Amino acid sequence: MGMAANGRGDQKTGTAGGLPPLWAFLASGAGVFGRAVAAAALAAVLALSPARAQDYLLAPGDSIAVMVFGQPQMSAKLTVDDAGNVVVPFVGPVKVAGLSVAQSQRLIQQRLADGFLKNPLVSVGIDKLRPLYILGDVRLPGAYPFRYGSTVESAVALAGGYGVPGELRGTAVASYLSAEERLRQLAAERSALRVREARLEAQRDGKTSFAVPDPPSSEGKQKLAKLVAEQQTMLSSETAILAAEIRLLQAQKPRLQQRITAVGNQIGTEQKQLAFVRDEEQRSSRLLKQGLGVRGPEVQLKLDEANVQNNIWSLNAQLSRSQMDLGNLDLEIEKAQASFKKATLDELQKVRERLAALRVELPSAWAIRNVKLQLVEGAVAAGQKHRIAITRSRHGHVVVIRGASTTPLEPGDTVDIEPVLRDRSLALQSPAG
């Protein structure tokens with residue numbers, strides 16, 4: 001049969017770098033199942049070169065074909081579990097992780113010889129190697145069977161090549177357009193707020209015009225000119241409204257001053273009348289003392305004096321009210337100016353607060369837009385560079401290595417393909433500032 005066993009239950013290996021002659025089982029009496037298992041094992045072993053198969057160490061995820069000659073019920077395909085064991089029929093768990101195929105064969109043979117079979121003939125071959133996991137910037141990410149000679153380039157080919165699928169590309173484009181629109185809105189808002197800030201500063205300082213720095217592009221200058229014109233109109237309108245209100249208040253001053261002057265003149269006339277009445281009253285009193293006058297005129301003069309005095313008091317009250325109204329006009333003018341300035345300062349503060357928020361939002365939106373743009377371009381651009389990271393298990397430890405398109409792969413490798421984003425700092429203007 002091409003195989004022999006010694007007294008210890010060990011069996012000699014055949015050709016092909018120490019591998020058991022699995023093809024001998026294809027012609028043996030191992031039965032239909034045994035021949036099927038042997039055929040599958042042989043195909044899997046051929047995925048490795050003889051030298052690599054001899055050195056290959058089993059790990060969780062590998063599947064091996066165990067064949068016991070003359071014992072089909074003990075022959076099976078077994079998968080190495082997370083603990084590194086395979087469950088051999090009638091024997092139980094056998095730890096094979098970290099062992100070569102030949103070593104695992106001898107170990108299983110020894111376990112079967114330990115009270116189960118006398119001089120068992122055992123052959124172990126690889127049924128399925130751990131798959132390759134291709135992730136990242138490929139069209140069909142997922143797990144793929146390992147084949148001898150696999151490289152990063154061949155693995156990417158299995159995954160459909162670089163780039164995202166068409167429907168995902170469409171999603172990426174839509175996402176980019178949304179990010180672009182968001183960036184444009186924020187940039188337009190910032191431009192409008194900067195012009196508005198300049199207008200409010202001029203309005204606060206009592207100026208009738210303002211200026212802002214010109215943008216570098218002609219399109220930006222046109223948009224800026226429109227914004228400046230709008231805010232200049234606003235400045236003129238706000239200033240005109242305040243001026244009209246102040247003129248309306250100041251227009252009342254001449255009328256009040258005329259009233260004050262008229263009342264003052266009336267007071268002067270009444271005071272002259274009061275002096276005349278008092279003189280007449282004194283003259284009538286002297287004549288009455290001399291027996292040359294009568295009592296009636298003196299009484300009338302006293303009544304006239306009281307009336308004139310009352311008129312003077314009334315006129316003085318009118319004068320005080322008019323002077324108070326004149327003072328109130330000055331207060332109303334100051335109040336209108338203060339209210340205008342306060343509203344201007346409040347609006348200016350809100351504008352500056354929003355500009356401060358935009359200084360945080362705009363760079364973030366700009367970076368997001370650039371990343372999405374580069375991802376969209378990377379999905380279709382020829383010669384897109386990629387960064388390749390290979391995660392591999394070595395002697396029970398996980399390591400990450402940098403790879404290239406020609407890097408050979410091993411069973412169980414995880415290949416992460418990441419597009420290298422190009423520096424678009426010259427093509428895309430940063431919104432910082």
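Residue positions are given per chain, counted from 1 along the sequence in the order it is written. In keeping with the predicted nature of the model, local features appear solely for residues at pLDDT of at least 70, side-chain atom pairs appear and are counted solely at 80 or more, and the whole-chain, interface and lining totals rest on all residues. The basis for the side-chain values is all heavy atoms of the structure; hydrogens and waters are excluded.

**Q** Is there a simple way to explain the environment of Leu 373 in this structure?
**A** What counts as a helix is a DSSP run of H or I of at least four residues, what counts as a strand is a run of E of at least two, and both are numbered from the N terminus. Following the sequence through the fold, Leu 373 ends up in helix α9 (residues 295-380). Residue Leu 373 is classed as buried on the basis of its relative accessible area of 11%. Spatially, the C-alpha atom of Leu 373 lies 8.7 Å from that of Glu 180, the residues being 193 residues apart in sequence. Type-normalised accessible area, obtained with a 1.4 Å probe on protein chains alone, sets the label of each residue: buried when under 20%, exposed when over 50%, and partly exposed for intermediate values.

**Q** In this structure, what is going on with the environment of Arg 359? I would like to understand it.
**A** On the secondary structure map, Arg 359 appears in helix α9. Sequence separation between Arg 359 and Leu 186 is 173 residues, and the spatial gap between their C-alpha atoms is 10.0 Å.

**Q** Honestly, the nonpolar core in this entry has me stumped. Any pointers?
**A** As a rule of thumb, nonpolar side chains are buried together in soluble globular proteins. Only buried Ala, Val, Leu, Ile, Met, Phe, Trp, Tyr and Cys residues count toward a nonpolar core, and they belong to the same one when joined by side-chain atoms within 4.5 Å. Counting residues in each nonpolar core, the largest one holds 36 residues, and the members touching the most others are Ile 64, Val 86, Ile 108, Ile 134 and Val 152. Any two residues having at least one pair of non-hydrogen atoms within 4.5 Å are treated as being in contact. In this view, Val 152 contacts Ile 388, Ile 390, Ala 404, Ser 405, Thr 407, Leu 409, Val 415 and Ile 417; residues no more than four positions away in its chain are not counted. Grouped together as the second largest cluster of nonpolar side chains are 17 residues, Leu 256, Ile 260, Leu 274 and Phe 340 included.

**Q** Would you take a moment to explain the pairing of strand β1 (residues 63-68) for this structure?
**A** Regular strands have side chains that alternate between both faces of the sheet. Most of β1 is tucked away, with six of its six residues classed as buried. Here β1 shows two buried faces, one formed by Ser 63, Ala 65 and Met 67 and the other by Ile 64, Val 66 and Val 68. Any two strands with at least two DSSP-identified bridges between them are counted as paired. Where β1 and strand β2 (residues 76-79) come together, four bridges link them in antiparallel fashion. Opposite Ser 63, over in β2, you have Thr 79 as the bridge partner. Here β1 pairs with strand β5 (residues 122-128) via six bridges, running antiparallel. Looking at the pairing, Ser 63 lines up with Lys 128 of β5.

**Q** Could you clarify how one ought to interpret the pairing of strand β6 (residues 132-136) in this entry?
**A** Pairing analysis gives three bridges linking β6 to strand β7 (residues 142-144), with the strands arranged antiparallel. Opposite Leu 132, over in β7, you have Tyr 144 as the bridge partner. The loop that links β6 with its antiparallel partner β7 comprises five residues. Summarising the sheet, β6 and strand β10 (residues 414-419) pair through four bridges and their orientation is parallel. Residue pairing in the sheet places Leu 135 in a bridge with Asp 416 of β10.

**Q** Help me understand helix α5 (residues 101-113) in this model?
**A** Helical geometry note: an α-helix holds 3.6 residues per turn, so side chains three or four residues apart project in the same direction. For a helix, the expected span equals 1.5 Å multiplied by the number of residues minus one. Here α5 is 13 residues long and its end C-alpha atoms lie 18 Å apart, about the 18 Å a rise of 1.5 Å per residue gives. Residues of α5 that are buried include every one of Val 101, Ser 104, Gln 105, Ile 108, Gln 109 and Leu 112, and no others. Within α5, the buried residues cover an arc of 135° as seen down the axis, which keeps them to one side. The elements touched by buried residues of α5 are β1, β3 (85-88), β4 (92-95) and β5. Relevant arc is that of directions from the helix axis to the C-beta atoms, nothing else.

**Q** Help me out: how do you make sense of the side chain of Ser 75 in this one?
**A** In this fold, Ser 75 is placed in the loop between β1 and β2. Judged by its relative accessible area of 7%, Ser 75 falls in the buried class. A polar contact of 3.3 Å, which involves the side chain of Ser 75, links it to the backbone oxygen of Gln 71. Throughout this description, a polar contact denotes any pair of N or O atoms lying within 3.5 Å of each other; where both atoms belong to protein, one of them has to be capable of donating a hydrogen while the other can accept it, and for residues adjacent in sequence the pair is counted only when both atoms sit in side chains.

**Q** Where do I start with the sheet that holds β2 in this structure?
**A** Strand pairing within a sheet occurs via backbone hydrogen bonds; the two strands may be parallel or antiparallel. Read across the sheet, three strands follow the order β2-β1-β5 without closing on themselves; strand pairing throughout is antiparallel. Edge positions in the sheet fall to β2 and β5, since each has one partner strand and no second. Within this sheet the neighbouring strands show an average axis-to-axis angle of 30°, counted without direction. Against the sheet, α5 makes contact with β1 and β5, and its axis sits at roughly 130° relative to β5, the strand it touches most. Axis lines are fitted through C-alpha atoms, for helices just across the contact stretch, and the angle between N-to-C directions can take any value from 0 to 180 degrees.

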